[in-house]
Amino acid sequence: MPALSKYKNEEVEQLVDQLVAVLADKKAPVDLSLMCLGNTITHIIKEHVPEAKRASVAQNFANALTDSIK
């Protein structure tokens, strides 16, 4: 069952399109793109999630990512 989101699909798709466009504009290969996106996720978690919840948020994100590629 897909997770419900408080964000509209259009909001999410627009932001994803912008992120992908930056990577495409820079001609970033897959490995560099993944590294940069991973570093961005790490930064967001460290800056915006309380330390006590970081491991859980990271694990939930990893699980959602794994589920999304099945």
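Residues numbered from 1 in each chain as written. Predicted model: local features only at pLDDT ≥ 70, side-chain atom pairs only at ≥ 80, totals over all residues. Heavy atoms only, no water.

Here's the deal with the packing of helix α2 (residues 30-48) against helix α3 (residues 51-68)
Any two packed helices are characterised by the angle at which their axes cross and by the distance between the axes. Packing of α2 against α3 brings their axes to within 10 Å, and their N-to-C directions diverge by 145 degrees. In the packing of α2 onto α3, the handedness of the crossing is right-handed. Residues Ile 41, Ile 45 and Lys 46 of α2 lie in contact with α3, whose contacting residues are Arg 54, Val 57, Ala 58 and Phe 61. Across the contact of α2 with α3, the residue classes tally to 5 nonpolar, no polar and 2 charged. (Axes fitted to C-alpha atoms, helices over the stretch in contact; angles between N-to-C directions. Helix = DSSP H or I, 4+ residues; strand = E, 2+ residues; numbered from the N terminus. Left-handed = near helix turned anticlockwise from the far one by under 90°. Contact = heavy atoms within 4.5 Å. Nonpolar A, V, L, I, M, F, W, Y, C, P; charged D, E, K, R; others polar.)

Comments concerning helix α1 (residues 9-25)
With 17 residues, α1 should cover 24 Å at 1.5 Å per step; its first-to-last C-alpha distance of 24 Å lies within 8% of that length. Positioned one or two residues after α1, Lys 27 has a phi angle of 55 degrees, which is positive. (Expected span 1.5 Å × (residues − 1).)

Regarding a negative patch on the surface
On the surface, Glu 10, Glu 11, Glu 13 and Asp 17 cluster together into a negatively charged patch. Topologically, Glu 13 is positioned in helix α1. Of the residues examined, Glu 13 reaches a relative accessible area of 48% and is grouped as partly exposed. (Patch = residues over 30% accessible without salt bridge, like charges linked within 9 Å, V, L, I, M, F, W, Y side chains within 5 Å. Areas by Shrake-Rupley, 256 points an atom, 1.4 Å probe, with all protein chains shown as cover. Salt bridge = Lys/Arg side-chain N within 4 Å of Asp/Glu carboxyl O. Lys, Arg positive; Asp, Glu negative; His and termini not counted. Charge placed at Lys NZ, Arg CZ, Asp CG, Glu CD. Buried < 20%, exposed > 50% of the residue type's maximum accessible area, 1.4 Å probe, protein only.)

Concerning the environment of Lys 70
Within the secondary structure, Lys 70 sits in the segment after α3. Assessed through its relative accessible area of 77%, Lys 70 is described here as exposed. As for Lys 70 and Val 57, which are separated by 13 residues in sequence, their C-alpha atoms are 20 Å apart.

Some points on a nonpolar patch on the surface
Nonpolar side chains collect at one region of the surface, where Tyr 7, Val 12, Val 16 and Val 20 lie side by side and expose about 350 Å² of accessible area between them. Relative to the assigned elements, Val 20 resides in helix α1.

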